[in-house]
Amino acid sequence: MWCPRFCCCAIRGAEPERTDSARRRTRFRPDRPPSWKSRRECSAEHTDTRQVDEVLGRFDLGEFDWTTATSASGRNENWLGNTAEGRRIFIKALVGSEVEVAHGLRRTEAFYRTHRAGGAALRTTTLIGQDDEAALQVFDGLDGARDGRQIAADGAFDPAMAAEAGAAIGALHAAAPGDLLDTERSLPPLPGQNMLSGLSVDAFYASSRAQLEAWRLLQQDHVIVNSIDLLERASVGVTRVPVHGDLCLDQFLVADGRLHLVDWEAFQLGDPARDLGNFVGEWLHHTVVRFLADRARNGSGRPVQVPNIALTPSWRPWLAVRPIVESFWLAYRLAHPGDSPSLTRRVVLFAAWHLFMRMLTDALFQPRLDGSGHTLFRLGRVVLHDPDRFAPILGLTE
């Protein structure tokens, strides 16, 4: 079952034994060859600010002003603020097992080598450097940046912005992979498991009750299990291209009117339909959740029954969103023409799977799987069952 470590709701498997004797401090600069023989095992504990300051000192950035720094929620610890010299920087401390952190650091390096070589005509933040032992990444900060999910919630993510996003993803997929294949071969394998067959003990105890309910729905549904298996088989046979690997709306940042794509820890060679399906799935999730929230605010004070959503060409909430997907799709096809005939079908299947991933993410802090989760499950199942029917409805026309 396709459930990568870096997807929005991935649950970590068992981590390998680490050997402290093999460890040494290494740093990466985008203009230097990588070295990753040593790793620091990260935990969910707060990173020692003194250690962060030491890393910044080695990057000749000076001291960090912790008193005015801000932090955003997310899988990794992070801080946005200024150095003593007034430089705006963004610091990320990767959290995960030793192997997971190694993947995040090395895949980020691989992307920036590709990007520096001009292989992808897209905007992103500037990587100042990485420190392996501290598992830290330091980037130039973007003043006043807002992420795509915030912009979508305000109704300001318009077709023009979607076209910019589509062109960026098209450029990424058209980029020469460089030494990405060698990077992937050199990395230790990530712990894997077929979560549609069953959860590991660690995954079980890391899940909320609502997530366990969601996994039970997925695992006991033969339509879903068989469809995802067919999707995996189809993806294996396609030409792999450089992909983001964990595309979500909040990884698009807008600053000074310019769109940037960030977070490259999952950069890899993969099926292009995965990134595209994630984008469509994000908008399906956004539309469904907003629709249900509007129904709940009916002013009557009475509970509102959660509906079965009929995703038809005339469903008004999607009609308002469809031009965004159409614009994204058209810009992508112009930037990256000549994909396989089955691309559209795989995009729809990945969009449905992304709904399930969002269902699991939303359930993380819930005591029970709520009506929204059940609606996402039912909609994802229907779309997964008949992707050819839903492709034009979603706006994925040739």
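Residues numbered from 1 in each chain as written. Predicted model: local features only at pLDDT ≥ 70, side-chain atom pairs only at ≥ 80, totals over all residues. Heavy atoms only, no water.

1. A closer look at the packing of aromatic side chains
Consideration 1: Under the defined criterion, the tally for this structure stands at 17 aromatic pairs.
Consideration 2: Between F64 and W66 the ring centres are 4.8 Å apart and the planes differ by 80°, which places this aromatic pair in the edge-to-face class.
Consideration 3: Note on F356 and F377: the rings are 6.1 Å apart at their centroids and 40° apart in plane angle, and the pair reads as tilted. Here F377 lies in helix α12 (residues 371–385) and F356 lies in helix α11 (residues 343–362), a separation of 21 residues in the sequence.
Consideration 4: A relative accessible area of 10% means that F377 is categorised as buried.
Consideration 5: Through pairs of rings, three or more aromatic residues link up here, namely F90, F111, Y112, F139, W264 and F267. (Phe/Tyr/Trp six-rings, centres within 6.5 Å; stacked < 30°, edge-to-face > 60°. Helix = DSSP H or I, 4+ residues; strand = E, 2+ residues; numbered from the N terminus. Buried < 20%, exposed > 50% of the residue type's maximum accessible area, 1.4 Å probe, protein only.)

2. Topic: the nonpolar core
Consideration 1: Among the nonpolar cores identified, the biggest contains 78 residues, and F157, L218, F279, W283, L311, W318 and L396 are the most heavily contacted of them.
Consideration 2: The element contributing the most residues to this core is α11, with 13 residues.
Consideration 3: Beyond its immediate sequence surroundings of up to four residues, F157 is in contact with G148, I151, A152, A162, L249, F279, W283 and I324.
Consideration 4: Of all hydrophobic cores here, the second largest spans 14 residues; its members include V55, F59, L61 and W79. (Core = buried A, V, L, I, M, F, W, Y, C linked by side-chain atoms within 4.5 Å. Contact = heavy atoms within 4.5 Å.)

3. Considering the packing of helix α4 (residues 159–174) against helix α10 (residues 316–335)
Consideration 1: In the contact formed by α4 and α10, the axes pass within 7 Å of each other and the chain directions differ by 35°. Pair α4 / α10 crosses with right-handed handedness. Of α10, the residues touching α4 (which contributes P159, A162, A163, A165, G166, A167, I169, G170, A171, H173 and A174) are P323, I324, S327, F328, A331, Y332 and A335.
Consideration 2: Among the residues making up the contact of α4 with α10, the classes are represented as 14 nonpolar, four polar and no charged. (Axes fitted to C-alpha atoms, helices over the stretch in contact; angles between N-to-C directions. Left-handed = near helix turned anticlockwise from the far one by under 90°. Nonpolar A, V, L, I, M, F, W, Y, C, P; charged D, E, K, R; others polar.)

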